[in-house]
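Read off the chains here:
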Amino acid sequence: ICPDHAYLVDDALDATRHDEESDCIECGALEWSNLDSKGCSTEDYNFIPPDYYLIVNIFTIISLFLSIAGCALTFMYRENHVVKISQPFFLYIVCFGCAISVAANFFAGPTDERMFEEGEAQWDYATADLDYSMHSAMCNGFWWVHSTGFILSYSALIAKMFRIHSVMKAAKKLKAVRIKPLDVVKSILMFLAVDYVVLALWTITSPLEYVREVTDDAFGRPASSIGKCKSDDMGMYITIIMLIHLFLIVVGNVMAYVTRHIDNKLNEGRDIAICFFNNMQFMIIGVFILIVVKDNPAHSYLAKGLLVCINDVSLLAAIIGPKLWRIWGGGDDNGNGSFSMQTSMGTSNSSLTGATTSDGSAGSEMVTSFEPLEAPSGNKVAPI
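No experiment lies behind these values; they were computed from the predicted model shown. (Residues numbered from 1 in each chain as written. Predicted model: local features only at pLDDT ≥ 70, side-chain atom pairs only at ≥ 80, totals over all residues. Heavy atoms only, no water.)

## Concerning the pattern of salt bridges
Item 1. Applying the stated criterion across every chain, the model contains five salt bridges.
Item 2. Here lysine 230 and glutamate 213 are joined by a salt bridge, their closest N and O atoms 2.7 Å apart. Here lysine 230, found in strand β7 (residues 222–230), pairs with glutamate 213, found in strand β6 (residues 209–216); they are 17 residues apart in sequence, far enough to count as distant.
Item 3. Take lysine 230: its relative accessible area is 40%, and that puts it in the partly exposed class.
Item 4. Looking at glutamate 213, the relative accessible area reads 26%, which means it is partly exposed.
Item 5. Aspartate 295 is paired through a salt bridge with lysine 294; the nearest N and O atoms lie 3.4 Å apart.
Item 6. For lysine 294, a relative accessible area of 48% puts it in the partly exposed group.
Item 7. Overlapping salt bridges bring together Glu213, Lys228, Lys230, Lys294 and Asp295 as one network. (Salt bridge = Lys/Arg side-chain N within 4 Å of Asp/Glu carboxyl O. Helix = DSSP H or I, 4+ residues; strand = E, 2+ residues; numbered from the N terminus. Buried < 20%, exposed > 50% of the residue type's maximum accessible area, 1.4 Å probe, protein only.)

The following block contains the structure:
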């Protein structure tokens, strides 16, 4: 008797008011009539709970604070030998990358709940022309921001190890070498360029769009819906980006293995290897978690936000934490900035000791000097 958006009033005092269309009363803005037209029902919109936004935002702000604090402490102790030999220029990039990566959480949870609260979306919103342009921009923005931060952080660690490796490789051949930070920044820009090409193709050919997918009941009426980011080729492009990031992690682990014989105070190979191993675990576990909760916007948002925060905080803890312990906790070997490396020349083994200095500025050079030591054969290693 009544249209989809109206219902009959059961008025016991008026026996005639229950069987004519003129007796129908309109349902609420986001309701539709039941099959018997005697009441109205509402849809389960599966909005993200405010508590979830609060949790993710708190962890995000804490992570941002730690990233900024890492940069500030690096600058504060830039003249300390513990920080100097760790190449402050790359530490700045790592902290900056972590800050960018975790800031992606501000784009992670687009929601159209306000449209429903303010009456812009009506009960038949599924066929309405709602403006989701801002929501779609947030969907695409998350991947641009997070990928930028990830590449900066982890490629900086690779460039840092490569710089040390190049210096030590030349030292083994008794050659002087000077490598500026900008000489290895090219590798960071290369990884960024590859990532940006994929992201640009994704944004141009199959951009993410915010949509609300409706699930109907047995009678064709909307029973529930979820708002999500979606595109035709989303799975393919996410896979490509994840493979690029996985390749970066593999390269980092290889570099950590190649430079394993260099003193950890100089190369931090052990700490960096922990970072890459942790990230590989987060990536594998995170993929499975997100697949499981992909149809639940609230759980998906919470899992994605916390995974990003935990990954970046663990990176900062592994890179910045040991330096603060050595500076504040007395683990700095009484201020001695020397290091040692076991190497081999020909068939005889020799030990090289020395000190590496770098002020961390963009134009600074890494200069490695070695003192002559008595080799087992009685020959001396020439100073560089």
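So, next bit.
## Some points on the state of the cysteines
A covalent bond between the sulfur atoms of two cysteines is what we call a disulfide.
Item 1. In the structure shown here, the tally under the stated rule is one disulfide.
Item 2. Two residues share a disulfide in this structure: cysteine 139 and cysteine 229, whose sulfurs sit 1.9 Å from each other. Residues cysteine 139 and cysteine 229 share a disulfide whose torsion about the S-S bond is about -70°; that sign makes it left-handed. One end of the pair, cysteine 139, is in helix α5 (residues 133–172); the other, cysteine 229, is in strand β7, and 90 residues separate them in sequence. (Disulfide = S-S within 2.5 Å.)

## Let's talk about the nonpolar core
Across soluble globular proteins, you tend to see nonpolar side chains buried next to one another.
Item 1. Among the nonpolar cores identified, the biggest contains 40 residues, and Leu157, Phe276, Leu315 and Ile319 are the most heavily contacted of them.
Item 2. Among the elements of the structure, α2 (81–84), α3 (88–103), α5, α6 (181–205), α7 (234–258), α9 (269–292) and α10 (297–328) are those that each provide at least two residues to this core.
Item 3. Broken down by element, the residue count for this core peaks at nine residues, all from α5.
Item 4. Residues Ile48, Met115, Tyr132 and Tyr210 belong to the second largest nonpolar core, which totals 21 residues. (Core = buried A, V, L, I, M, F, W, Y, C linked by side-chain atoms within 4.5 Å.)

## Some points on the environment of aspartate 112
Item 1. Turning to its location among the elements, aspartate 112 is positioned in the loop between α3 and α4 (113–117).
Item 2. Taking C-alpha positions, aspartate 112 is 8.2 Å from phenylalanine 47, a pair spaced 65 residues apart along the chain.
Item 3. If we skip the residues at most four places from it in the chain, aspartate 112 touches Phe47, Tyr132, His135, Tyr210 and Arg212. (Contact = heavy atoms within 4.5 Å.)

In short, geometric facts, not functional conclusions.
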